[in-house]
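# Structure assessment
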Amino acid sequence: LGDSKRDVSEYTSEAFLNSHYTTIMHNSALDSILCAPLIVDLAIFAELFDRVRIRPVDSNALSPASFDSAPSSDFCRMHSVLSVLGFFMKIPLTPPGEPVINALNRQRGCIDNMLRALVGLPPENHLLLSSKIGAPLK
């Protein structure tokens, strides 16, 4: 604690009769206080995704019975580099062969889709699930 950051934000907008309205804000806050909620979220997601086990299945054999009868050795963990958490990083790290995604909305969408997949909902866009576990899905 004690690492205080200051910034000045200036916003200018056009007003009536082509005049300009400028707002200047001075902000001061402790870095450690600002990042604490992000660190808590990061820890919760990292722990959640560490518990995830995925079993690649043949798309022709998708039946409830096939999930129950599979040996636990068929399940694999997500890659140890949890690129799905790139949303929380300034420079996201990815496993070899996975594309680096720097777009904030796509990073957040990846987290949303991973959570949707965990509860059995279809993804809303590109999940890239095969690269998250380090092995191609069959």
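These notes cover the structure that comes with them. Note that the structure is predicted; figures quoted are calculated from it, not measured.

### Focus: the nonpolar core
Listed in full, the twelve residues of the largest apolar core are Leu 42, Phe 45, Phe 49, Val 52, Ile 54, Met 78, Val 84, Leu 85, Cys 110, Ile 111, Met 114 and Ile 133. Those elements that provide at least two residues to this core are α1 (31-51) and α3 (104-118). Apart from the residues lying within four places of it in its own chain, the contact partners of Ile 111 are Phe 45, Val 84, Phe 87 and Phe 88.

### Considerations on the packing of aromatic side chains
By the definition in use, this model includes three aromatic pairs. Ring plane angle 45° and centroid distance 6.0 Å describe the contact between Phe 45 and Phe 88, whose orientation is recorded as tilted. With Phe 45 in helix α1 and Phe 88 in the loop between β4 (76-77) and α3, the pair connects residues that are 43 residues apart, well separated along the chain. Residue classification places Phe 45 among the buried positions, given a relative accessible area of 18%.

### Side note on the pattern of salt bridges
Overall, the coordinates contain four salt bridges when judged by the stated rule. Here Glu 47 ties to Arg 51 by a salt bridge, and the two come within 2.4 Å at their closest N and O atoms. With Glu 47 and Arg 51 both in helix α1 and four residues apart, the pair spans about one turn of that helix. Between Arg 77 and Asp 50 there is a salt bridge, with its nearest N and O atoms 2.5 Å apart. Residue Arg 77 is located in strand β4, and its partner Asp 50 is located in helix α1; the two are separated by 27 residues in the primary sequence. For Asp 50, a relative accessible area of 41% corresponds to the partly exposed category.

Thresholds applied
- Residues numbered from 1 in each chain as written.
- Predicted model: local features only at pLDDT ≥ 70, side-chain atom pairs only at ≥ 80, totals over all residues.
- Heavy atoms only, no water.
- Core = buried A, V, L, I, M, F, W, Y, C linked by side-chain atoms within 4.5 Å.
- Buried < 20%, exposed > 50% of the residue type's maximum accessible area, 1.4 Å probe, protein only.
- Helix = DSSP H or I, 4+ residues; strand = E, 2+ residues; numbered from the N terminus.
- Contact = heavy atoms within 4.5 Å.
- Phe/Tyr/Trp six-rings, centres within 6.5 Å; stacked < 30°, edge-to-face > 60°.
- Salt bridge = Lys/Arg side-chain N within 4 Å of Asp/Glu carboxyl O.

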